[in-house]
Amino acid sequence: MRDGVLLVILAAILLPYVLGPVLVRLRQRWPAEPAFEPYDPIRHPLPDELAASFRETLDALVRDGFRRVADLAHASPITKIQLRVALLEDAGGGAAEYALVVAARSTNPKVRVATCHVDFPTKFADGTTLSVTNTAQPRPFPAAPGRVIEPFERVRDPARLRRVMRTLLDRRYAGRPRVPLDPAGNPAAFIGEALAREYREQVGTGYLWLHDRTRTYRPTWLGAWAMTYRLLPPLRQIFAARARRRAAALLAELGLSGRDERPIAAPRATEPLRWNLALLVVLLVVYVVARGPRGGTGAFRPPADFVVPADFAGAVRALERLAGDSAVPLVGTDTGGEARATPGVTVGVAAAQSQAMVAALQPTFLAQGFYLFLSERGFGGQPDRLALFPRPDPYEILRLMGTNGWNYGIGPDSIAAWLKTLERDQPFMLTGIGFDWVEGRFQGDIRDVGALAQRFYAFCPDIVEQGTGSVDGLVRELRASRTLYCWWD
């Protein structure tokens, strides 16, 4: 028993390192032609703390003699990353100097990451470049050949970082002729091309490849492993400590050690993977193993006296008693990628029983005008979540959840319209509605499973290209499971 518990604990600890590269390989992608547009505070809002850090950094550089050339924004539903980039120029010292102020945040409600940093780029006549930056974010890939990046994470004073850049150029690159950067009157195209070039260079290293049909860069297996292991402990901490030691030694060599005069606080960020969460998973596994199975796997039968009250508050209490969990608000996503409240609630349930609970309970709740569905999968690390909505229209829920396939140009309205048409031809009930997926069960026999598979593939290519592998495979799965499933990576 003890050996079995230890094996399960070890498997839980190693799961991110095994599953992580697979998820990165399947889900990560970057647009081949990233587009930037003039920043608009209404259309491109930033959280207060991140906006304040950006504004203070910009003001510090202006005080140090820079002038703002452009203030740009980039929001990608593919990467779920929002950027605000200011390009600044100072031509007062002879050779023009440029600075970039970059604020970035994740628009994925499950991953809260925010960062603001300064980058001083220098281009040499031989085509190589030097970037002096104070970003605290680890690079998922190594620098491409010809690119030197010197990170000084703890130099939070932009004026001091500029002195570091100038002294470094004088000491180590004095004999290297420089060429000015060339925004050419179109800073948005200039910044977009610089970002696209970064992706192209990684193709040469073997970390990315270009998917021609979707015009997106995707990680190779080598890139997926590199991204995962560079961002997870212990390599993340090792690389960060190494970078800090190198920065400290370089500052001492340049005679610029010491404290910042006017440091600007970095925005606080929540890491995608928290080790306290991993510990919680381990403890949960130990608890489940120690107690043993309860009532079988994948089976659920409500109590014989179970009834759903006619009022929504009473229905929520009934669901809480069945789930053994307190309800919390159901949160959807608006068209800008921001979280938005809905009138629904969610409860956590064991993953082994979530689908069986929906199948057994959905008709009972629906009879009272409430819609029960699976809203989130925990993938073994957390409980699944069942949601209860106070009205019976699944397409209203779909729009509030923000269900989308933006990487294919498909939004919630398009998905709702497609499903309504399908429902008329082949009736079904939706049992799961999430941010980028829906699932359901067909009612009655599937009339033409081959045509249905082709229909699914045209609307949701990922279920074949990253799932069954072929349309014939999807045909076999539809025959066996009679399940509707769409997932847009």
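**Brief notes about the pattern of salt bridges**
Overall, the coordinates contain 27 salt bridges when judged by the stated rule. The salt bridge involving D71 is made with R68; its shortest N-O contact spans 3.4 Å. With a relative accessible area of 17%, D71 lands in the buried category. Given a relative accessible area of 44%, R68 falls into the partly exposed group. The shortest N-O distance in the salt bridge between R197 and E193 comes to 4.0 Å. Remark: E193 and R197 occur in helix α4 (residues 187-205); sequence separation between them is four residues, near one turn of the helix. The structure contains a network of salt bridges with shared partners spanning D64, D90, E97, R162 and R166.

**Details of the packing of aromatic side chains**
Each aromatic ring pair is specified by the distance between its two centres and by the angle formed by the two planes. Taken as a whole, this structure holds 14 aromatic pairs when the rule is applied. Among the aromatic residues, those joined into a ring-pair cluster are W418, F428, F442, F456, F459 and W488. Seen from the ring of Y39, R84 lies directly overhead, with NZ or CZ sitting 3.7 Å from the centre. Directly above the aromatic system of F124 lies the positively charged group of R176, at a separation of 4.5 Å from the ring centroid.

**Comments concerning the packing of helix α5 (residues 221-231) against helix α6 (residues 235-254)**
Running from N to C, α5 and α6 point in directions that differ by 75°, and their axes come no closer than 5 Å. If you check the angle between α5 and α6, you find them roughly perpendicular. For the pair α5 and α6, the contacting residues are Y229, R230 and L231 in the first and L235, R236 and F239 in the second. Split by residue class, the contact of α5 with α6 holds four nonpolar, no polar and two charged.

**As for the packing of helix α10 (residues 394-401) against helix α11 (residues 412-425)**
Packed helix pairs are characterised by how far apart their axes lie and by the angle those axes make with each other. Taken N-terminus to C-terminus, the directions of α10 and α11 make an angle of 155°; their axes are 9 Å apart at the nearest point. Considered as vectors, α10 and α11 are oriented roughly antiparallel to each other. Every pair of crossing elements has a handedness; the one defined by α10 and α11 is right-handed. The residues of α11 that touch α10, namely those facing Y395, L398 and R399, are P412, D413, I415, A416, L419, K420 and E423.

**Points about unusual backbone geometry**
With an omega of 0°, the peptide bond running from P233 to P234 counts as cis. Tracing the chain through its elements places P234 in the loop between α5 and α6. One non-glycine residue, R215, adopts positive backbone phi at about 55°. Along the chain, the position of R215 falls in the loop between β10 (208-211) and β11 (216-219). Its identity as a non-glycine residue notwithstanding, R482 has a phi of 55°, on the positive side. Tracing the sequence through the fold places R482 in the loop between α14 (471-481) and β18 (483-487).

**Considerations on the pairing of strand β4 (residues 81-90)**
Buried residues dominate β4, accounting for nine of its ten residues. Across nine bridges, strand β3 (residues 67-76) lies against β4 in antiparallel orientation. Note that in β4 the partner of A73 across the bridge is R84. In this sheet, strand β5 (residues 97-106) lies alongside β4 in antiparallel orientation, the contact comprising ten bridges. Within β5, the residue paired with L87 across the bridge is L100.

Conventions we followed
Residues numbered from 1 in each chain as written. Predicted model: local features only at pLDDT ≥ 70, side-chain atom pairs only at ≥ 80, totals over all residues. Heavy atoms only, no water. Salt bridge = Lys/Arg side-chain N within 4 Å of Asp/Glu carboxyl O. Buried < 20%, exposed > 50% of the residue type's maximum accessible area, 1.4 Å probe, protein only. Helix = DSSP H or I, 4+ residues; strand = E, 2+ residues; numbered from the N terminus. Phe/Tyr/Trp six-rings, centres within 6.5 Å; stacked < 30°, edge-to-face > 60°. Lys NZ or Arg CZ within 6 Å of the ring centre and 35° of its normal. Axes fitted to C-alpha atoms, helices over the stretch in contact; angles between N-to-C directions. Parallel < 35°, antiparallel > 145°, perpendicular 65-115°, else oblique. Contact = heavy atoms within 4.5 Å. Nonpolar A, V, L, I, M, F, W, Y, C, P; charged D, E, K, R; others polar. Left-handed = near helix turned anticlockwise from the far one by under 90°. Pairing = 2+ DSSP bridges.

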